[in-house]
Amino acid sequence: MNVRTLLVAVGAALLLSGCSMMSRVQPKQEEPPVPEFTALPKGTSGGVFTTERPWALVADVRAFRPGDVLTVVLSETTQARKSADTNINKSSSVDIPAFTIGHSTIDANTSIQADRSFQGGATSTQQNALQGALTVIVQEVLPNGLLRVHGEKSLNLNQGEEFLRVSGYVRAEDIDAENRISSQRVANARIAYSGRGSLADSNRAGWLTRFFNSPWMPF
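Report follows, based on the coordinates.

Here is what the cut-offs are and how they apply
Residues numbered from 1 in each chain as written. Predicted model: local features only at pLDDT ≥ 70, side-chain atom pairs only at ≥ 80, totals over all residues. Heavy atoms only, no water. Salt bridge = Lys/Arg side-chain N within 4 Å of Asp/Glu carboxyl O. Buried < 20%, exposed > 50% of the residue type's maximum accessible area, 1.4 Å probe, protein only. Helix = DSSP H or I, 4+ residues; strand = E, 2+ residues; numbered from the N terminus. Pairing = 2+ DSSP bridges. Axes fitted to C-alpha atoms, helices over the stretch in contact; angles between N-to-C directions. Core = buried A, V, L, I, M, F, W, Y, C linked by side-chain atoms within 4.5 Å. Contact = heavy atoms within 4.5 Å. Patch = residues over 30% accessible without salt bridge, like charges linked within 9 Å, V, L, I, M, F, W, Y side chains within 5 Å. Areas by Shrake-Rupley, 256 points an atom, 1.4 Å probe, with all protein chains shown as cover. 1 Å grid on protein atoms, 1.4 Å probe; cavity = no way out; pocket = protein on both sides within 12 Å on 5 of 7 lines; lining within 4 Å. Points joined across faces, edges and corners; volume = space filled by probe spheres on them. Nonpolar A, V, L, I, M, F, W, Y, C, P; charged D, E, K, R; others polar.

**Here we look at the pattern of salt bridges**
Now for step 1: By the definition in use, this model includes four salt bridges.
Now for step 2: With a shortest N-O distance of 3.1 Å, Arg65 and Asp68 are connected by a salt bridge.
Now for step 3: Residues Glu140 and Arg148 are paired through a salt bridge, measuring 3.1 Å at the closest nitrogen-oxygen approach.
Now for step 4: By relative accessible area, Glu140 is classed as partly exposed at 34%.

Below you can see the structure in the form of structure tokens.
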């Protein structure tokens, strides 16, 4: 009876862990936020110039208000490598020669020797790369001039869906003449790239395999 109860408990734990692992995969689809902004006033007396829009003869119009758009050029490359090696060796020996007690000589001919050693090593290497571009919307202008931006892109392909999200803070001075900015210039950047569908499922281990490789596995 105890063995049957244990097997039922293990089976229930496997199902629950599998369901919890599968629920994390799907990205949450939400409508991207749109900032509140008012339309710019038109020029008076037939003019086209307004003080709210900074026009210049030698520069292009760049994003600087809520509702403006700019393009974030994704150029993310990370590489990390760590290695550790440990070697410990220790050797000791004790020899007991012949000794004399009173008028008698005792030949002990005894020796003790001990050797201890330890060797450990570990190597970890990780490399990631993300290239592309995404147009984002200015959500807010902070009092110090920073622009809070957010943007999303969803591609529905015939074998699945690709999802890209970018958010963070940028400086208006870092935006170039083509209204573009590098992702390396985005502060507190949050870049998420994920996918779902048949292609993503084929490259993901099953829930039972993930359970045996998770911390829940006691062995």
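**Structural notes on the environment of Ala200**
Now for step 1: Among the structural elements, Ala200 can be located in helix α2 (residues 198-202).
Now for step 2: A relative accessible area of 29% places Ala200 in the partly exposed class.

**Things to note about the sheet that holds strand β8 (residues 187-197)**
Now for step 1: Taken together, six strands build an open sheet; the order of strands is β7-β1-β4-β5-β6-β8 and the sheet is mixed. Of all the strands in the sheet, just β7 (180-182) and β8 have a single pairing partner and so form its edges. On average, each strand axis in the sheet is tilted by 20° relative to the strand beside it, whichever way the strands run.
Now for step 2: As defined by bridge partners, strand β1 (residues 69-96) adjoins strand β4 (residues 110-141) across 28 bridges and the pair is classed as antiparallel. Within the sheet, the bridge partner assigned to Leu74 lies in β4 and is Gly132.

**A word on the nonpolar core**
Now for step 1: Ranked by internal contacts, the top residues of the largest apolar core, which has 15 residues, are Leu70, Val72, Val136, Val149 and Val170.
Now for step 2: Breaking this core down by element, the ones donating at least two residues are β1, β4, β5 (147-157) and β6 (160-170).
Now for step 3: Among all residues touching Val170, those that are not within four sequence positions of it are Leu70, Leu146, Leu147, Val149, Ile181, Arg185 and Val186.

**Remarks on a nonpolar patch on the surface**
Now for step 1: Where nonpolar side chains cluster on the molecular surface, the patch consists of Val94, Ile96, Phe99, Ile101, Ile106 and Ile112 and spans about 510 Å² of accessible area.
Now for step 2: Of all elements in the fold, only β1 and β2 (99-101) reach the threshold of two or more residues within the nonpolar patch.
Now for step 3: Classification of Val94 by relative accessible area gives partly exposed; the value is 46%.

**A closer look at the layout of surface pockets**
Now for step 1: Roughly 150 Å³ of volume is contained in the largest pocket.
Now for step 2: Taken together, Leu74, Leu130, Gln131, Gly132, Ala133, Lys153, Leu155, Glu162, Phe163, Leu164 and Tyr193 make up the full set of residues lining the largest pocket.
Now for step 3: The set of elements that each furnish at least two residues to the lining of the largest pocket consists of β4, β5 and β6.
Now for step 4: The class makeup of the residues in the lining of the largest pocket is seven nonpolar, two polar and two charged.

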